[in-house]
Amino acid sequence: MDIEKYLSSYGRQEGKTFLVTGASSGLGLEAAKHLARLGGNVLLAARNEERLRVAVEKLKAINTKGDYRYFLLDQSDAASIEAFVKALEGEKIDAVIYNAGIYFPRKGEKGLTFKTNAVGTYLLSRKLLALYPKARHVYVGSIMHFKPGKKGFENALARAGRQREYALSKEAIRMIFHLDLEAGYDCVYVHPGISKTSIIRSFAPVIKRLANGFLYLFVHHPVQASLVEVVGAIEDRAKGQYVYPRGLFQISGFPKMKKALAYNQEEAEDLRGFLERQSA
Ligand SMILES: NC(=O)c1ccc[n+]([C@@H]2O[C@H](COP(=O)([O-])OP(=O)(O)OC[C@H]3O[C@@H](n4cnc5c(N)ncnc54)[C@H](OP(=O)(O)O)[C@@H]3O)[C@@H](O)[C@H]2O)c1
């Protein structure tokens, strides 16, 4: 099926504003481009100003009538999150896509993946849920998520290597989605399958070559992989659902929805306590 045709079935998005974190590259940028094609306005957030500037120009080239602007955000830094939310003052936002994330940062940066992906998403979403309680909030997880076990997140993280830390951070995002859904917010959990983006930029060169070969074989292009984020943001029926690729092992394909799975409340409460301590 043609991607443009697929998306057009969800209807035009003129007059709506979407906030996409991590929109300077990869899936966030592709999601922002899709939203621009549908007529929506997009606010982009990330750390790298040059990449953000280029991204905004790309959106303006797609839709000359849309409102496209960028904001600086370092999701691993509480002060930056605070400043970012302040800078949003007065903005009307219909949906937020919590897409910013890293995987496997360099040696010696233990904890940064969880801090950026889980603690940062938690901190930011507490503030944006308060500011935009009626908006759609879309949490971006991964096929690669891992439960912490009986001893909880803090313990699991202390023992985790870099791969496991990423998988725990993505399980934490799934739990954040469940907690917020339970609290009555309009939330969606999505995972994009596996796609060749810059996410593996911190891998050692030889691993990067192997990983790129693997990603090439699966050819789930970011243009298609990002569709779950867009559907999560614009489809009314996605509220409270998981949205993921419909292909074999959920690795690739057009989006599919299913009712959110059951979750372990004790695990979620343990996580909430841990995230609160990390955010203090
Ligand atoms: N690619 C996949 O196969 C895959 C699979 C499952 C889940 N995901 C998830 O999809 C999301 C997007 O990843 P991607 O594959 O598109 O990778 P990517 O191309 O590396 O994009 C990551 C984005 O996050 C931003 N970012 C990184 N650290 C940040 C921070 N501290 N504060 C604010 N923004 C930050 C980056 O921009 P700056 O560097 O400018 O800040 C970039 O725009 C991630 O959450 C990832 O875990 C990806």
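Residues numbered from 1 in each chain as written. Predicted model: local features only at pLDDT ≥ 70, side-chain atom pairs only at ≥ 80, totals over all residues.

A look at the environment of S76
One can find S76 in the loop between strand 3 (68–72) and helix 4 (78–87). Residues S76 and F114 lie 38 residues apart in sequence; the distance between their C-alpha atoms is 8.9 Å. Discounting chain neighbours no more than four positions away, the residues touching S76 are L112, K115, T116 and G120. (Helix = DSSP H or I, 4+ residues; strand = E, 2+ residues; numbered from the N terminus. Contact = placed C-beta atoms within 7 Å.)

A short note on the site of the ligand
Taken together, 31 residues surround the ligand, and among them G22, G26, R47, N48 and G101 come closest. The greatest single-element share of the shell around the ligand, amounting to three residues, is contributed by helix 2 (residues 26–37). Across the shell around the ligand, the residue classes break down as 11 nonpolar, 17 polar and three charged. (Near = placed C-beta within 6 Å. Nonpolar A, V, L, I, M, F, W, Y, C, P; charged D, E, K, R; others polar.)

A few points about the nonpolar core
Ranked by size, the top nonpolar core spans 75 residues in total, and within it A32, V42, L44, I97 and V138 carry the most contacts. Sorting elements by how many residues they give to this core places helix 7 (residues 162–182) first, with nine residues. In this structure V138 touches A95, V96, I97, Y98, V188, V190, E229, G232 and A233, once residues within four positions along its chain are discounted. (Core = buried A, V, L, I, M, F, W, Y, C linked by C-beta atoms within 7 Å. Buried ≥ 20, exposed ≤ 12 C-beta atoms within 10 Å, placed from the backbone.)

Topic: the sheet that holds strand 2 (residues 41–46)
Taken together, the eight strands give an open sheet; going across it, the order is 3-2-1-4-5-6-7-8, and neighbouring strands pair in mixed fashion. Taken across any chain shown, the strands that pair with only one partner, and hence form the sheet edges, are strand 3 and strand 8 (255–259). Direction aside, neighbouring strands of the sheet carry axes that sit 20 degrees apart on average. Bridge count for strand 1 (residues 17–21) against strand 2 is five bridges, and the pairing is parallel. Note that in strand 2 the partner of F18 across the bridge is V42. (Pairing = 2+ DSSP bridges. Axes fitted to C-alpha atoms, helices over the stretch in contact; angles between N-to-C directions.)

Considering the packing of helix 4 against helix 5 (residues 112–131)
For any two helices packed against each other, the geometry comes down to the angle between their axes and how far apart the axes lie. Across the interface, helix 4 lies against helix 5 with an axial gap of 10 Å and an inter-helix angle of 25 degrees. As summarised for this structure, helix 4 and helix 5 are arranged roughly parallel, according to the angle between their axes. The chirality of how helix 4 crosses helix 5 is right-handed. Touching A78, I81 and V85 of helix 4 are G120, L123, L124, K127 and L131, all from helix 5. For the contact of helix 4 with helix 5, the class distribution of residues is six nonpolar, one polar and one charged. (Parallel < 35°, antiparallel > 145°, perpendicular 65-115°, else oblique. Left-handed = near helix turned anticlockwise from the far one by under 90°.)

Comments concerning the packing of helix 5 against helix 11 (residues 265–279)
For the pair helix 5 and helix 11, the least separation of the axes is 10 Å and the interaxial angle reads 85 degrees. Classified by the interaxial angle, the pair formed by helix 5 and helix 11 is roughly perpendicular. Of the residues in helix 11, those touching helix 5 at A118, V119, Y122 and L123 are L275, Q278 and S279. Considered class by class, the residues forming the contact of helix 5 with helix 11 number five nonpolar, two polar and no charged.

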